[in-house]
Amino acid sequence: MAEITLRGVTKVFADRTEAVHELDLDVPDGKLIVLVGPSGCGKTTVLRMIAGLEDLTDGTIAIGDRVVNEVPPGDRDIAMVFQNYALYPHMTVYQNMALSLKIRKLKKEEIHRRVRDAADVLHLQEFLQKRPRELSGGQRQRVAMGRAIVREPQAFLMDEPLSNLDAKLRVQMRSEILRIQKDLKVTTVYVTHDQTEAMTLGDLVVVLRKGQLQQVGSSEELYERPANLFVGGFIGSPAMNLVEATVTREEGGTSVRFAGHRLRVPSEVLDARSELAAFDGRPVILGIRPEDMEDGALVPGSDPGSRFPVSVALREGMGSDVFLHFQIDAPPVMTEDTRELASDVGDKAVQELQEQASERRATFIARVGPESRASLGSPVELHVDARKLYFFDPASGRSIGEGRDAAPVHAAGALAD
Amino acid sequence: MKTLEEKPTEEATPREPARRGVTRYRARRVSYKVAMYAILFGLTAIILLPVSWALTAALKPDLEPVFTPTPEWFPTEFREWGNFRRVLTDVMPFLRYMVNTMIIVIASILGVLISCSLVGFAFARLRFRGSKVLFYVLIVTMLIPWQALMVPQFLLFVELGWYGTYLPLIVPSFTGVAFFIFLIRQYMRTIPRDLDDAARVDGLNTWQIFWRIILPLSTPVLTVCAVFTFLWRWNDLLGPLIYLDDDSKFTVALGLANLVTRADTPWNLTMAANLVTVIPTVLVYFFVQKKLIGGIASVGLKG
């Protein structure tokens, strides 16, 4: 087991696209770190560079104390799990798992022992003599894991290993991977585009965008203190509601105005976000998480300054929560970040964003308690937990007041923006 | 044929109205099958008729005319089975020729499989400077007819002192056959690249990836190449005719041709020899036909 250290890692492909830009990253020994980001953010390239399947244009990668830039993949003492499993179709499950050991000229008994052990851990004993095509998707996935485990490597590299499974199996395998990783305590780098997977699995989550590091931190840190608009919009489901707003200092306190509404900003927020004072009277981007809003009727007697009226356009009952969709009288935030976030969701989301922009009416989602009586078309007053408002600088997209503070302690900080 | 035994006439009489639709459907399916088999039998007959004619001729005694005014398609009298024995022993050293041909065929198959799979692998899986240009050059060489190369190649092999040996018939296979390289490359390109990556992480070098991963997965296309080489070499007349001068080294095709070129061709024996010659190719096809059809279907359509 070893830590993995990336310093100034840059990858420029032959067609001159820069996939990764001066990435600094420390993967602590025995931890599971998740690289997450929209497609094309360079996360898989980073993983392939660690594996040695892709050359570095610049920078160094070290596994343990050893710089491995020039070390071929097979000698890096790492094991990789591929998105489509990449099992050798002409070999049995046993042979698939044993191949790397055979290449290393291990003794037959040792190979046998390791394969048996891995098969026990993964409940694959009865499939050892079968070929991959006779197995289900979940079983193949386990074989791919087994092939990695038998190596007893210094690090596991996993490239979206669950993306080919159906939703139910994915959740099951996710906890399986987590269990195995905790048992074996092998340093693991895990790539996914699924933020739920990232949040639930990772000791540390690394958010990448266009080859640039956005933020490194625990799930909670990313959720509570996103370094910038991109991370704020990317982490959380449903996504954070974003709108252009102005912060004004008035008699009796500071408030934020957006789309004809006004919310009081509590003094504790101002204290925590000292930079906010500099934005007095200037536009900011206000972020409100759906779960930080509540049906006003369920919070009787709350401060009128934390409420604003809306008209429900769509009600989705989830059983445990109710999602209320409503429109606000302001255009959606159109920055490069929000466009990219939308395009990651899909073409339809981009189209919707553009429609909302042309109509100058953004759609918000509030996640309220199941007792809410709010119904379609009815006016509702929403209560906002004003202590959990997010503010971003429209020019740079940086979080106002804590962008720098949120830089992770145990991992190298964000890069030059 | 099973459906035909189901006595469609009985089923065609409807007993109750509700079943009428089903019965009609069945009747249609049966008649469709009957038509299918009729067509297939017809086609098979067309193909087998000449063979049957050859058998008729092969069973005739010496000097009895073979080319009758109305062709005798089917053997009427099974008189001279001995002709087959005579072909194998008396008329020419047939077994010797068989062995000779087998030597050339097996060596050629080996050569084709080794050289073409290696070159195909390089074109399909390795990145190297000029690979595209080289591949196009290779494709272009397929356009040069063998006849154009015949004379210079002959001069070259004579110069090398290979005239009268099997080397000119075998060695070219070891230098690669453009068409097979093309087939193999196309096939290998369809094998997912992730397998190479997985193998590299597993510690395999390029040679091991070729030998342990790509080659075993390419058996369908390799079978196609092997069978084609077998057929071409087995039936090849021109090559042995040019390069072999010693009677004891002749191939089967050459032996057959020599039978015909005599002034008084013993047609009955020639036809018997013909039939015997065909047996190995039929056998080969019989045993590998599944792989062959699968292989041909999977080759070159993708990638």
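Each residue is numbered by its place in its chain's sequence as written, counting from 1. Each chain takes a letter, starting from A, and each ligand takes a number, starting from 1, following the order in which they are written. For a predicted model such as this one, the threshold for reporting local features is a pLDDT of at least 70, and the threshold for listing and counting side-chain atom pairs is 80 or more; totals across whole chains, interfaces and linings nevertheless cover every residue.

1. As for the sheet that holds strand β14 (residues 283–288) of chain A
Residue and element names in this part refer to chain A. Pairing is antiparallel in the open sheet, where five strands are placed in the order β13-β12-β11-β14-β20. Both edges of this open sheet fall to β13 (261–265) and β20 (390–392), since each of them pairs with a single strand only. Each adjacent strand pair in this sheet contributes to an overall mean axis angle of 40°, direction not counted. Paired strands, as defined in this entry, are two strands with at least two bridges between them according to DSSP. The secondary structure listing takes helices from DSSP runs of H or I that are at least 4 residues long and strands from runs of E that are at least 2 residues long, numbered from the N terminus. The pairing of β14 with β20 spans three bridges and is classified as antiparallel. Note on β20: the bridge partner recorded for Gly287 is Tyr390. Axis definition: a line fitted to C-alpha atoms, over the contacting stretch in the case of helices. Angles run 0 to 180 degrees between N-to-C directions.

2. What about the packing of helix α3 (residues 108–122) of chain A against helix α4 (residues 137–149) of chain A?
All names here are of chain A. Interaxial distance between α3 and α4 falls to 9 Å at its minimum, and their mutual angle equals 140°. If you check the angle between α3 and α4, you find them oblique. As α3 packs across α4, the resulting crossing turns out to be right-handed. Contact residues: α3 offers Ala118, Ala119, Val121 and Leu122, while α4 offers Arg142, Met145, Gly146 and Ile149. Under the grouping applied here, Gly and all other residues not named as nonpolar or charged are polar, the nonpolar ones being Ala, Val, Leu, Ile, Met, Phe, Trp, Tyr, Cys and Pro and the charged ones Asp, Glu, Lys and Arg. Residues of the contact of α3 with α4, tallied by class, amount to six nonpolar, one polar and one charged. Roughly parallel means an angle under 35 degrees; roughly antiparallel, over 145; roughly perpendicular, 65 to 115; everything else is oblique. Two helices cross in a left-handed way if the nearer one is turned anticlockwise from the farther one by less than a right angle. They cross in a right-handed way if the turn is clockwise. Any pair of residues counts as being in contact when their C-beta atoms, constructed from backbone geometry, are within 7 Å of one another.

3. Quick notes on the pairing of strand β1 (residues 4–12) of chain A
All names here are of chain A. Where β1 meets strand β4 (residues 58–63), five bridges bridge the pair, whose relative direction is antiparallel. The partner of Arg7 across the bridge, within β4, is Thr60. By the bridge criterion, six bridges tie β1 to strand β2 (residues 18–27) in an arrangement that is antiparallel. When the bridges of β2 are listed, Val9 appears paired with Leu23. Between the antiparallel neighbours β1 and β2 lie five residues, among them Arg16 with a positive phi of about 70°.

4. Concerning the interface of chain B and chain A
Counting from both sides, the interface comprises 14 residues of chain B and, opposite them, 17 residues of chain A. Elements that contribute at least two residues to the side of chain B that touches chain A include exactly α9 (193–201) and α10 (206–217) of chain B. For the side of chain B that touches chain A, the class distribution of residues is eight nonpolar, two polar and four charged.

5. Overview of helix α11 (residues 219–235) of chain B
Expected span of a helix, by definition, is 1.5 Å for each gap between consecutive residues, and there is one gap fewer than residues. With 17 residues, α11 of chain B extends 24 Å between its outermost C-alpha atoms, agreeing within 8% with the 24 Å of an ideal straight helix rising 1.5 Å per residue. Burial in this document is a count-based property: other C-beta atoms within 10 Å of a residue's C-beta are tallied, and the residue is buried at 20 or more, exposed at 12 or fewer, or partly exposed in between, with C-beta positions derived from the backbone. Among the residues making up α11 of chain B, those that are buried are Val221, Leu222, Val224, Cys225, Ala226, Val227, Thr229, Phe230, Arg233 and Trp234 of chain B.

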